[in-house]
Amino acid sequence: MKKIIKAVVAMVLISTVIFIMTGCGQSKPTLKVYNWGDYIDESIFKDFEEEYGIRIIYDTFATNEDMYIKIKAGGSDYDVAFPSDYMIERMISEDLLYEINYNNIPNYKYIGDEFKNFSYDPTNGYSVPYMWGTVGIIYNTTMVDDTVDSWDILWNEKYAKQILMLDSQRDSIGITLKKLGYSLNTKNVDELEAAKDALIEQKPLVLAYVGDEVKDKMIAGEAALAVVWSGDAVYMNWENPDLEYAIPKEGSNLWFDAMVIPKTSKNKENAELFINFMSRTDIAFKNADYIGYSTPHIEARNLLDEDLINDPTAYPELEDLVNCEVFKDLSDFLREYDKIWTEVKAR
Amino acid sequence: MKEGRISSPYIIWMTIFIVFPILLILFFGITIRTDEGFKLSLENFQRFFEPIYLLVLWRSIRLAFISTVICLILGYPMAMILANKDLKMKNTLVLLFVIPMWMNFLLRTYAWMTLLERGGIINSFLSLLRIPPINLLYTEEAVILGMVYNFLPFMVLPIYSVLIKIDKSLLEAAEDLGADSYTVLRKVIFPLSIPGVISGITMVFMPAVTTFVISRLLGGGQFTLIGNLIEQQFLFVGDWNFGSAISIVMIILILISMGFMSKYEKENEGAGLW
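Residues numbered from 1 in each chain as written. Chains lettered and ligands numbered in written order. Predicted model: local features only at pLDDT ≥ 70, side-chain atom pairs only at ≥ 80, totals over all residues.

Taking an unreviewed UniProt entry as the reference, chain B is identified by name as Spermidine/putrescine transport system permease protein belonging to Alkaliphilus peptidifermentans DSM 18978. Database annotation for chain B, UniProt heading Sequence similarities (unreviewed entry): "Belongs to the binding-protein-dependent transport system permease family. CysTW subfamily." Quoted verbatim from the Subcellular location (unreviewed entry) heading of the UniProt record, the comment on chain B is "Cell membrane". (UniProt positions renumbered as here; feature names shortened; annotations may be inferred.)

Under an unreviewed UniProt entry, chain A has the name Spermidine/putrescine transport system substrate-binding protein and belongs to Alkaliphilus peptidifermentans DSM 18978.

Rendered as structure tokens:
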């Protein structure tokens, strides 16, 4: 018995030594980036590593809520995250974000002024805008012969089982509120109940509640109509020219995603280095050109293809979006939204 | 003494990764989060017994039950074929049956998505026969198909392992006494294979009733099962207390059915998987 124990101890010691030694050989500093799936040109990580010798560890999330809960619960150590407007507001109010030292991010000056001073980050102290866009309907012109200019078409029985909805509670409840003529930041329980009833009424017509799969499904012609983010619409139109994007006349959601440094970060300066790198003109251009989303970076935007800059899907005039609203943090009232979405899905 | 020493790592392991998490779930389940911290309350359970969540529970049980029945109907003859001693290709067949189990089940479920979709292989084949495409994916049937496909081996293998152990002289005796093959199956083989059937049913029903991936991928988020509800509470809503309460209800259900099964198994001097 003793011999066995000795052997085991020796084994453990040897493997520990080997582990530490090999560890030293490649102990590059690392940076943990937490982003939406399909939302960055991943070759940029290699560029960053070559330039600064910092290796990127990359994780993705599917919804803002998903990301928030992971950071809030602790146990993670992300250095940079990419939440949307209302979630940034919530994370600031719950003290989950570091204030950014903008002296370390000189490239911040390239971000258009119209993308600063929003209510989600009123002091411009915590975030660097990454992408922006709208929520709208993408439709396949070979399958839809009505004019798509209203959310009502998603409740049209003619397209039963050909409609894809987003599996994201703020977005799906939000567009329903808009359809009914309410604000998508409503805190009125009656309005929310009306939205819930409308969503339940719509459920038999819905083919599926999806996330990123929506792109493959629409490109392959699996469905006629889908609720999507404008940047994804640009990409889908590249892949399948039959697909067109429309922002319904009732108004929609205007959104901004930004880079932030959560308090879970262990190396704030490297995080700032990365954010600055992402905001460098060549990199911002490379990224926007690859993912198709609309960049708030003035110089990068000017480098983009003429067709894309003039495409109202990607770059609508902000003045044309008067009916559109930016999501606001609902703080404790969010529980009502959670409950309604759970009930719609459970039905 | 010696046994104690050998088992201690397992006991520590189980305490950390099984007992402790269950205690945590219990704690979250019977409390609610307030501004002053956690407060003892049964509110979560009360919420679970609202009609809407009972509907989810009912749907989970119903779909799992249907899948289990289909697995039994498909699996029993399959197990008998595999257990047939005279079969020449027996080992090859068993191997062919087991190989898919070595592949990740998520991957196999994704494969079904491409098979079932409107432009998928099945519908392309139908269009060759001039049949218009039908909605196969994102239906309740697709969810059941996914469950049956993924869990069928768990029905076949326990039955198979019991069937091959049956003393062949019993079958010969029955035949000598004038029983035809149907009577032999009904009066001898089937009663002797009950322990295998019971473990098969348990091993299909349990994972089917708790699954959340199959219903999301093949059901398109429309058929919320109890597993989806738990996942949603933990990952998207962040209401750990409600999520834990649902989990407790689930654990209790599983314990009850396991107790029921093991009682049944004892009566039959079980030779199942456990």
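Okay, the overall build of chain B next. In terms of regular secondary structure, chain B is built from twelve helices and two strands. Its helices and strands taken in sequence order, chain B reads α-β-β-α-α-α-α-α-α-α-α-α-α-α from the N to the C terminus. Its C-alpha atoms put chain B at 75 × 70 × 35 Å along the principal axes. Among the 274 residues that make up chain B, the fraction classed as buried is 34%. Look at the contacts in chain B between residues 6 or more apart in sequence, and 72% of them connect residues 24 or more apart. (Helix = DSSP H or I, 4+ residues; strand = E, 2+ residues; numbered from the N terminus. Buried ≥ 20, exposed ≤ 12 C-beta atoms within 10 Å, placed from the backbone. Contact = placed C-beta atoms within 7 Å.)

Attention now goes to the domain arrangement of chain B. Residue and element names in this part refer to chain B. Segmenting chain B into domains produces domain 1 (1-41) and domain 2 (52-267). Here domain 1 and domain 2 have C-alpha centroids that lie 31 Å from each other. Facing the seven residues of domain 1 at the interface are six residues of domain 2. Looking at the side of domain 1 that touches domain 2, the elements with two or more residues in it are helix H1 (2-29) and strand S1 (31-34). A per-element tally of the side of domain 1 that touches domain 2 places H1 first, with four residues. Residues belonging to the side of domain 1 that touches domain 2 are distributed by class as follows: four nonpolar, two polar and one charged. (Domains from an automatic or database assignment. Nonpolar A, V, L, I, M, F, W, Y, C, P; charged D, E, K, R; others polar.)

Where a strand is regular, its side chains alternate between the two sheet faces. Residues and elements named next belong to chain A. Of the two faces of strand S8 (residues 243-246), the one lined by Leu243 and Tyr245 is fully buried and the one lined by Glu244 and Ala246 carries no buried residue. Pairing of strand S4 (residues 128-140) with S8 involves four bridges; the strand directions are antiparallel. When the bridges of S8 are listed, Tyr139 appears paired with Glu244. (Pairing = 2+ DSSP bridges.)

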